[in-house]
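Breakdown of the fold
Below, each chain spelled out in residue letters.
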Amino acid sequence: MAKKAKKGGQGTPATVALAAAGVPFTVHAYEHDPAADSYGGEAAQLLAVPASRVFKTLVADVDGALTVGVVPVSGKLDLKALAAAVGGRRAAMADPAAAERSSGYVLGGISPLGQRRPLRTVLDDSALAHPTVYVSAGRRGLEVELAPADLVALTNATTAPIGR
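The shown structure was predicted, so the numbers you read here are calculated from the model rather than taken from an experiment.

In terms of helices and strands, the protein chain carries 5 helices and 9 strands. Counted from the first residue to the last, the protein chain has its helices and strands arranged as β-α-β-α-β-β-α-β-α-β-β-β-α-β. Relative to the 2.2 N^0.38 estimate, which gives 15 Å for 164 residues, the radius of gyration of the protein chain is 14 Å and therefore close to what a compact globule would have. Along the first, second and third principal axes, the C-alpha atoms of the protein chain reach 40 × 35 × 30 Å. Across the 164 residues in the protein chain, those meeting the buried criterion constitute 47%. Here the analysis covers contacts within the protein chain between residues at least 6 apart in sequence; of these, 60% occur between residues at least 24 apart. Carbon and sulfur atoms form 52% of the exposed surface of the protein chain, whose accessible area is close to 8000 Å². The centroid of the 17 positive side-chain charges in the protein chain is displaced by 4 Å from the centroid of its 14 negative side-chain charges.

Structure follows, in structure tokens:
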């Protein structure tokens, strides 16, 4: 089941970035089931956290530029809203291989933190209603819990209603 680890103890680029920034965070590990339908849904269930507090990191192509949308696992990314949030006209989900190459992470483990090439990031504004949120810590079966304000600051994100 879920385990709590000490700060930075997992050593992913995301946790290294968090430790270097000196912000408080907690790493939560769980046994990932490769047959799970939803990485985020699995995390919420196994960590016994409401799905509205667990956020998935999705990479989209907005007018030819890769852009990160971070939305609750209980919903979906509204591509039109994401495009509007960054001043773009059209958005589509990015090619999975391009998302992996750009972020340095594998699908199901893409974190908004510690990406190989930092991308423009938009966090769904529902995150601000929670004292802490969970995002991938950089690999399947590993989540990091932190304050949404710290997530915004560390990813240089904007907040907007991009989830539906």
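This is not the end of the story, as more comes after the structure.
Whether parallel or antiparallel, the strands of a sheet pair through hydrogen bonds between backbone atoms. Here 5 strands make up an open sheet; going across it, the order is β5-β3-β4-β6-β9 and the pairing mixed. With partners counted over all chains shown, the strands left at the sheet margins are β5 (91-93) and β9 (158-160), one partner each. Taking the axes of each pair of neighbouring strands and ignoring which way they run, one obtains an average angle of 35° across the sheet. Inspection of the sheet shows strand β3 (residues 55-62) paired to β5 by 3 bridges, in the antiparallel sense. Its bridge partner lying in β5, Ala60 is registered against Met93.

Turning our attention to the environment of Tyr30. Tracing the sequence through the fold places Tyr30 in the loop between β2 (26-29) and α2 (39-47). With 108 residues separating them along the chain, Tyr30 and Gly138 place their C-alpha atoms 13 Å apart.

Let us look at the side chain of Thr121. Its location among the elements puts Thr121 in strand β6 (residues 120-124). A relative accessible area of 6% means that Thr121 is categorised as buried. From its side chain, Thr121 meets the backbone oxygen of Leu119 in a polar contact 2.9 Å long.

Of note in this structure, Ala48 is not a glycine but carries a positive phi near 55°. For Ala48, the position within the fold is in the loop between α2 and β3. In this model, Asn156 sits at a positive phi of 55°, which is unusual for a non-glycine residue. On the secondary structure map, Asn156 appears in the loop between α5 (148-155) and β9.

As a further point, take the confidence of the model for the protein chain. Summarising the model, the protein chain shows a mean pLDDT of 89, and 94% of its residues fall at 70 or more. Taken together, the stretch residues 1-10 has pLDDT below 50 and engages in 26 contacts with residues farther than four places along the chain or on a different chain.

This brings us to helix α1 (residues 13-21). Every buried residue belonging to α1 is among Ala14, Thr15 and Leu18, and all of these are buried. When α1 is viewed along its axis, its buried side chains cluster within an angular range of 90° and face the same direction. Contacts made by the buried residues of α1 are with β2, β7 (133-139), β8 (142-146) and α5. One or two residues past the end of α1 sits Gly22, with phi positive at roughly 75°.

Basis of the calculations
Residues numbered from 1 in each chain as written. Predicted model: local features only at pLDDT ≥ 70, side-chain atom pairs only at ≥ 80, totals over all residues. Heavy atoms only, no water. Helix = DSSP H or I, 4+ residues; strand = E, 2+ residues; numbered from the N terminus. Rg over C-alpha atoms; globule rule 2.2 N^0.38 Å. Buried < 20%, exposed > 50% of the residue type's maximum accessible area, 1.4 Å probe, protein only. Contact = heavy atoms within 4.5 Å. Areas by Shrake-Rupley, 256 points an atom, 1.4 Å probe, with all protein chains shown as cover. Lys, Arg positive; Asp, Glu negative; His and termini not counted. Charge placed at Lys NZ, Arg CZ, Asp CG, Glu CD. Pairing = 2+ DSSP bridges. Axes fitted to C-alpha atoms, helices over the stretch in contact; angles between N-to-C directions. Polar contact = N/O pair within 3.5 Å; in protein donor to acceptor, adjacent residues only side chain to side chain. pLDDT = per-residue confidence, 0-100. Arc of directions from axis to C-beta.

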